[in-house]
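Below are the chains, spelled out letter by letter.
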Amino acid sequence: MTPSLSKSKRAAPDPVTGKRASRLAPIQISAPVQAPVSMPSTDHSSSALHTALRDLLRVHAPEAALLARVGGTVLHLQNDVMELCGPELEPPEAWLESGEMTWLSRDGELLGLLWSDGGPEGKPVSATATEVLTMLLAASRPDGAGREAEVLVTQLPVATAWLTPEMVFRRVSRPFLELLNISDAGVLGRTVAEVLPGHPALLQALQSAVAGRSVRLPDALLSARGADTAPRWVRGEARPYLGGWGAGIMLTLQDVSGEYERSARVSALLDTRTPAALLTEDGTVLHASPGLSELAPQVPGQPAPALIGAALWDWPGFDGASVAAARDLVRLAAAGGEAHADLTLAGGETLTLSVRRSAASGLLVAESVGAPVNGAAPLGLITQMLALSGDATVLVDAAGRAQLINERAAALLGVEASRLMGLGLTRVLGELGVKVFSPVGQPLALPDWRTLPSPLCSEVLLALPGHSLRHMELRVTPVGPEAGRRETGNRGSAQSGGLLLTLRDVTVLRRAEAKMHHDARHDALTGLHNRVGLREDLAALEKTELETVGLETTELEKVGLETAETPAGALVCLNIDGFGALNTALGRVACDRLLIGLAARLSDVAGGKGGSAARLEGGTFAVLLPGLDIHDALEAVQRALSVPLRCGPRETPLTFALGVAALDGTAEDSISNAEIAVRHARQQGRGGLGFYTPALRAGVRSAYALEEDLRGALTAREFTLLYQPVLDLKSGKPLGAESLLRWQHPELGLLLPHSFLEVAGRSELITHIGEWVVEEAVASRDRVRAECGEAHPEWQVSVNLSLEELRRSEGLSRLLPLLSAQGAPDIEVTAGSLLDHSEETLGMLEQLRSHGARLSVDDFGDGAGSNLSALTRFPLDAIKLHPTLTARLPGDSRVVTLVASTIDLAHRLGLKVVAVGVERSEQLDILRELGCDAAQGYGVCPPLPETELLAWLAER
């Protein structure tokens, strides 16, 4: 099994080519990546999942690109554009030469690739993005533990609802409920008209989505539930989708109340005689002051020329010669500069206009240079206010004194805003007891606002009055007449104007990220690490070991001594024997308590050795024990498990399969080695032990390769049947033959059943192989009867069937119609399978018998067959003696007595006896004397293909 890789580091440049070499060796680029094909607008089979991936990438890693396998194709998502890239998950060459690539994998399966060049700030992709995307992709797999991707999508950080075609709410995300201040019960199962009454335009737009078109919804003022909740402006879109529930509508809403509030605020602040306007980057006027509108020529009796909603240069207030100049001003400002120009108005006056970027992203400010403001708020301050969005805001002047404090900032500090006006902010914060820490908890001094560089954006921890600790995102933005000029000597400092301090509380977000980080690395039931957490523990131990060995080597080399080799440690993997049956017997709650008790015991063992414990899945755990060799580690775990666990008032003795591996190689290698060892231990029976060796891994690889080859063996007609005749010892005539399965492997040659049936038994392959054997054996029987009808009219064949496989799958229900249609062959079952005296086993055998099959017990007398009560409980026709008994005839007198007694007992029970493994004529003679009914073996005839069998029968 190839270990999955987590993250590759950026490779060093090649000294010859100068290019970065890829370190992602497992991915082979055999051909250029197929040209992307745009996603068809009518493909809605995975729309919920596609939208979830797009939203999660936008929120958690907007600078990254994603390649992900969804269904039978690969999606490429970058810059909010999703494309199809064919069936292979192959990264572009550019990804391999630069940037950082993260492998999104779960349980050894590669789900996707996340790539980033770090963006403008050179930041790597966050661990949160990796975990969230991995979680969503894993849930969307067909084997995602029964979870539909839509269920996970309900955790999206956007207000989303899934509706039926009748516009009934089927499922909603948590932000959707918070947006409307409503509970699940108030939404689910109700129609849109009931939940959002009084919005006919919204219902009409949703009808378009029902008809199969994606639509943008008109802005609507929704009244949230609750007397204390103000109505909210929302904007959204609706699109058809086809998910696990069937067809429906996906409705996404966005709260744009802040946008409307800022618009109203800006309109009020721009109520000035100063010519000024707020523009988009393409020059469209969003707001204009009355002072600018009044400059346009007025026609008596006609409304004023339109300004808002049109391009600035299309305003009739400008002379025709100034249109191009106005357009150039906007173009220069949008590119990042600040532009000034003298523009001629329609009335002949000259307006000196300045256009520059606002502190709010995507907005420009145009204002008349040097115009009086008549006591209105300065336009520079107005443009900075656009970025507030309800955050805590403080404006300090060049001396560090507070000049503006909004109510949110005052509430955050626990003091009235009026008491802070005009005071030094640093001194006030110190007197209030506010302390500042770095995100990792390092104490920081309160800043001197006069020398603080800006613009600045960083995250700090604030210890506020009342001892609350909040994560705050701090933004420092210069304001004032010199704030936007590049030629200012100390650009952005308080010396050249003021500073606008914006504090955004991100405590809830950081706590949610911390919880997500914790949950992604811990098992929800036991609190132990999961596979991801164990992998990180191993990686950290490996790093510490390398650093320690390096230090010790350096110190010992100074005195001329060699380093002493000490074991790095061991990883013990354990699996509860019969965990599924235990869960059924005890019940889920009691079994969970048992697992928690086991986890606590394993945690104590690991903690005492400086290691850790993890729950990998179900009843499988792992214990990391640094500094111990495999024998000491195994002994420590066995000692901890020797005392029975308590489940309620009683003790529950358990047995475990234990596998141990020394820490060697990567973290993933160590986990894989321990799992291979415990898998080997389980094959030894209850309480088995397994020690990892490279030979075990080679065996796993061989079994995996053999299983892959088995999947195509039936289609390729590589299976064949040989037939070994059974001779009637009284008449000397052939009675029938046992069909023996062989596999003609194209590379390994002819394989006997014991070399591949165990591998086939791990999946439904065994059922398909069994069906083929029965069909082929029955067809051969019919051909022999047709060829030799007069000589052998009652010719019969027998096949070996596994009751365990018939019981575990639907094999019996699929086999019975075949037996009814073509006539049942004789069926042989092993003696060991009859140790289970359940009603289920009895019912299976009676069904086979009712369809005409004669039942024989194979390998009778090998130990398992000593259970004689099976001969009376089940509807049997014959027993077949184990070859080890036949081989000791006639020389071993005790075996002769045992065989004679067995034959006598079988005859008394009405059962026939067939001796298997007859090699010599003297064995046939003694069996005939003892009254044995029939025999088979090389002494009678070797296994033959059907054509040779017909020739053999023709001679008799």
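Residues numbered from 1 in each chain as written. Predicted model: local features only at pLDDT ≥ 70, side-chain atom pairs only at ≥ 80, totals over all residues. Heavy atoms only, no water.

1. Overview of the overall build of the protein
Inference 1: Within the protein, the regular secondary structure consists of 30 helices and 39 strands.
Inference 2: Counting across all 956 residues of the protein, residues that qualify as buried make up 45%.
Inference 3: A separation of at least 24 residues holds for 57% of the contacts in the protein among residues at least 6 apart in sequence.
Inference 4: For the protein, the exposed surface amounts to about 47,100 Å²; the carbon and sulfur share of it is 53%. (Helix = DSSP H or I, 4+ residues; strand = E, 2+ residues; numbered from the N terminus. Buried < 20%, exposed > 50% of the residue type's maximum accessible area, 1.4 Å probe, protein only. Contact = heavy atoms within 4.5 Å. Areas by Shrake-Rupley, 256 points an atom, 1.4 Å probe, with all protein chains shown as cover.)

2. Digging into the confidence of the model for the protein
Inference 1: When pLDDT is averaged along the protein, the result is 78; 79% of the residues meet or exceed 70.
Inference 2: Put simply, strand β1 (residues 37-38) is where the protein has its lowest mean pLDDT, 38, and strand β39 (residues 934-936) is where it has its highest, 96.
Inference 3: In this model, residues 481-496 is a region of pLDDT below 50 whose contacts with residues beyond four sequence positions or in other chains number 30 contacts. (pLDDT = per-residue confidence, 0-100.)

3. Some remarks on the pairing of strand β23 (residues 498-505)
Inference 1: When you tally the buried positions in β23, you get six out of eight residues, the bulk of the element.
Inference 2: Pairing of strand β17 (residues 392-396) with β23, which is carried by five bridges, proceeds in the antiparallel orientation. Its bridge partner lying in β23, V394 is registered against L501. (Pairing = 2+ DSSP bridges.)

4. A closer look at the sheet that holds strand β16 (residues 363-368)
Inference 1: Taken in spatial order, the five strands line up as β13-β12-β16-β15-β14 in an open sheet, and their pairing is antiparallel. Strands with a single pairing partner mark the edges of an open sheet, and in this sheet they are β13 (285-288) and β14 (339-344). Recorded for the sheet is a direction-independent mean angle of 25° between the axes of neighbouring strands. (Axes fitted to C-alpha atoms, helices over the stretch in contact; angles between N-to-C directions.)

5. With respect to the pattern of salt bridges
As a working rule, side chains carrying opposite charge can pair if their charged atoms are close by.
Inference 1: Considering all chains together, one arrives at 32 salt bridges under this definition.
Inference 2: Where E194 meets R190, a salt bridge forms, and the shortest distance between an N and an O atom there is 3.9 Å.
Inference 3: A residue is classified by how much of its surface remains accessible, and E194, at 43% relative accessible area, is partly exposed.
Inference 4: On the basis of relative accessible area, R190 is assigned to the partly exposed category, the value being 28%.
Inference 5: A salt bridge links R928 to D925; the shortest N-O distance between them is 3.4 Å. Of this pair, R928 and D925 both sit in helix α29 (residues 921-930), three residues apart, which is roughly one turn of the helix.
Inference 6: Of the residues examined, D925 reaches a relative accessible area of 40% and is grouped as partly exposed.
Inference 7: Salt bridges sharing partners connect three or more residues here, namely R216, E237 and R239. (Salt bridge = Lys/Arg side-chain N within 4 Å of Asp/Glu carboxyl O.)

6. Here we look at the packing of helix α22 (residues 765-787) against helix α30 (residues 946-954)
Inference 1: For the pair α22 and α30, interaxial distance at closest approach is 11 Å and the crossing angle is 35°. Note that α22 runs across α30; the crossing there is right-handed. Along the contact surface, α22 presents S780, R783, V784 and E787, while α30 presents E946, L950 and L953. (Left-handed = near helix turned anticlockwise from the far one by under 90°.)

7. Points about the nonpolar core
Buried together is how nonpolar side chains tend to be arranged in soluble globular proteins.
Inference 1: In terms of nonpolar packing, the biggest core is built from 78 residues, with L710, L834 and L927 touching the most fellow members.
Inference 2: Once residues within four sequence positions are removed from consideration, L710 is found in contact with F719, W743, F756, V759, A760, L765 and I769.
Inference 3: Ranked by size, the runner-up nonpolar core spans 34 residues in total, among them A590, A606, A613 and V660. (Core = buried A, V, L, I, M, F, W, Y, C linked by side-chain atoms within 4.5 Å.)

8. Digging into the sheet that holds strand β24 (residues 569-576)
Inference 1: Read across the sheet, five strands follow the order β25-β26-β24-β29-β30 without closing on themselves; strand pairing throughout is mixed. Of all strands in the sheet, those with a lone pairing partner are β25 (612-617) and β30 (689-691), marking the two edges. With strand direction ignored, the average angle separating the axes of adjacent strands in the sheet is 20°.
Inference 2: Bridge count for β25 against strand β26 (residues 620-626) is five bridges, and the pairing is antiparallel. Bridge pairing in β26 places A613 opposite V623.
Inference 3: Against the sheet, helix α18 (residues 630-641) engages β24, β26, β29 (656-662) and β30, with an angle of about 155° to β29.

9. A word on the environment of P817
Inference 1: Here P817 is to be found in helix α24 (residues 811-822).
Inference 2: You can call P817 partly exposed: its relative accessible area is 49%.
Inference 3: In the structure, P817 is positioned 34 residues away from H851 in sequence and 9.3 Å away in space, judged by C-alpha atoms.

10. Remarks on the side chain of H76
Inference 1: On the secondary structure map, H76 appears in strand β3 (residues 73-78).
Inference 2: On the basis of relative accessibility, which here comes to 14%, the residue H76 falls in the buried class.
Inference 3: With residues near it in sequence (within four places) discarded, H76 still touches A65, L66, L67, V81, M82, E83, C85 and W95.

11. What about a nonpolar patch on the surface?
Inference 1: Together, L868, L905 and L909 line one region of the surface with nonpolar side chains, adding up to about 230 Å² of accessible area.
Inference 2: With respect to the helices, strands and loops of the structure, L909 is situated in the loop between α28 (893-908) and β38 (912-916). (Patch = residues over 30% accessible without salt bridge, like charges linked within 9 Å, V, L, I, M, F, W, Y side chains within 5 Å.)

12. Observations concerning the packing of aromatic side chains
Inference 1: The full count for this structure, using the stated rule, is six aromatic pairs.
Inference 2: When the centroid spacing of 5.7 Å and the interplanar angle of 50° are considered together, the rings of F169 and F176 count as tilted. Each member of the pair, F169 as well as F176, is classed as buried.
Inference 3: With a centroid separation of 6.1 Å and an interplanar angle of 45°, the aromatic rings of F719 and W772 are classed as tilted. A residue pair is termed long-range when its members are at least 10 positions apart, and F719 in strand β31 (residues 719-728) and W772 in helix α22 qualify at 53 residues.
Inference 4: Taking the relative accessible area as the measure of exposure, F719 reaches 7% and is therefore buried. (Phe/Tyr/Trp six-rings, centres within 6.5 Å; stacked < 30°, edge-to-face > 60°.)

13. Section: the pairing of strand β18 (residues 402-405)
Inference 1: Relative to β18, β17 runs antiparallel, the two sharing three bridges. Each bridged residue has a counterpart across the sheet, and for L395 the counterpart in β18 is L404.

14. Some thoughts on unusual backbone geometry
Inference 1: In this model, L889 is joined to P890 through a cis peptide bond whose omega is -5°.
Inference 2: Its identity is not glycine, yet N181 carries a phi of approximately 55°, on the positive side.
Inference 3: Looking at the secondary structure, you find N181 in the loop between α5 (174-180) and α6 (192-195).
Inference 4: A relative accessible area of 38% means that N181 is categorised as partly exposed.

15. Thoughts on the environment of G891
Inference 1: With respect to the helices and strands, G891 occurs in the loop between α27 (883-887) and α28.
Inference 2: Placed 32 residues apart in sequence, G891 and Q923 show a C-alpha to C-alpha distance of 9.5 Å.

16. Points about the environment of V678
Inference 1: Relative to the elements of secondary structure, V678 occurs in helix α19 (residues 667-683).
Inference 2: Linking V678 and A661, residues 17 residues apart in sequence, is a C-alpha distance of 9.5 Å.
Inference 3: When sequence neighbours within four positions are dropped, the list of residues in contact with V678 reads C573, L574, N575, A657, L658 and G659.

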